[in-house]
Every structure is written in C-alpha cells, then in structure tokens.
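Remarks on the overall topology
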Amino acid sequence: MATAKKAAAKKAAPAKKAAPAKKAAPAKKAATAKKTAPAKKAAAPKVPTKKAAPAKKRAPNAAFMKAMTPSEALAAIIGDKALPRTEVTKKVWEYIKKNGLQDSAKKTMINADAKLKEIFKKAQVSMFEMTKLISSHLK
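Concerning the pattern of salt bridges
Counted according to the given criterion, the structure contains two salt bridges. A salt bridge links lysine 90 to glutamate 87, with the shortest nitrogen-to-oxygen separation between them at 3.6 Å. One end of the pair, lysine 90, and the other, glutamate 87, are both in helix H4 (residues 85-98), three residues apart, so they sit about a helical turn from each other. Relative accessible area serves as the criterion here: at 48%, lysine 90 is assigned to the partly exposed category. Residues lysine 122 and glutamate 129 are paired through a salt bridge, measuring 2.6 Å at the closest nitrogen-oxygen approach. Its relative accessible area of 22% is what places glutamate 129 among the partly exposed residues.

Below is the structure:
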C-alpha cells in the first residue's frame, strides 16, 4: 500500500507543475502578436521622397591647386619646378617613406634627416605640423 501511494504521488506531481506554465505563455504571445499586427497596417502610408541627386565630384580648392615655387632647401627634396601644395605634400611623403623616416613606434611622427632638418628646424615633427612647416618654404 505504501508503494502504491508513492507511485501515485510521483505521477500526479509532475503533471500539475508542468501543465499550467506551458499553456499560459504561448497564449499571451499569440494575443500580443495579434494586437501589434493591425497597428502596423493602420500606420500612414509612406510619402514618396525625392531621389537623391547623383554625387558630384568634389572640386578642389583653387588655393591648394595654385602652383607654388619651392625654396632651395625644399627643392633638394621635391625638385625645383613649381607644384601645387597637394603635390608638394605627396612628394615629401614619398621622400619620407623611401628613406624610412617615419617613426616606427609612433607613426604620426617624422624623424628628420639632414635635408628635412633644414626645413623643419627640429629633429622630429608630427605629420600635422609638417605641412605648416613646409608652407613657409613655398612662394
């Protein structure tokens, strides 16, 4: 008789705990899904927007494109013919990379060799300061 009560208690206990929790959760989810679906349909229709204009190529600033004559110290690095500021900066970077003058630990710093020291007046400058120092050598 004692074993019959234990067997009946084991069968009855799991059925009571599992059944209510599983049935309640899916019913709420279905109810909320039904409520949100009509709200999306009731939203105002989209107003057609203007098509974006095709991207225009940016025109360079005329001041940057004006040919500038380099000083003798700068001409030793980039050549003596007149170039726009943008080309001067490119040629200086070519010289820096060709001679391995960029600092290996901090890439924004440039270590000056004998030619660059005449322009920079320092042993090391940042790449942002470099263009300011170069501009004083352009006419």
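Quick word on the nonpolar core
Among the nonpolar cores identified, the biggest contains 22 residues, and Ile110, Leu116, Phe120, Met130 and Ile134 are the most heavily contacted of them. The biggest single contributor to this core is H4, with five residues. When neighbours within four sequence positions are excluded, methionine 130 is seen to be in contact with Thr89, Val92, Trp93, Ile96, Ile110, Phe120 and Val125.

What counts and what doesn't
- Residues numbered from 1 in each chain as written.
- Predicted model: local features only at pLDDT ≥ 70, side-chain atom pairs only at ≥ 80, totals over all residues.
- Heavy atoms only, no water.
- Salt bridge = Lys/Arg side-chain N within 4 Å of Asp/Glu carboxyl O.
- Helix = DSSP H or I, 4+ residues; strand = E, 2+ residues; numbered from the N terminus.
- Buried < 20%, exposed > 50% of the residue type's maximum accessible area, 1.4 Å probe, protein only.
- Core = buried A, V, L, I, M, F, W, Y, C linked by side-chain atoms within 4.5 Å.
- Contact = heavy atoms within 4.5 Å.

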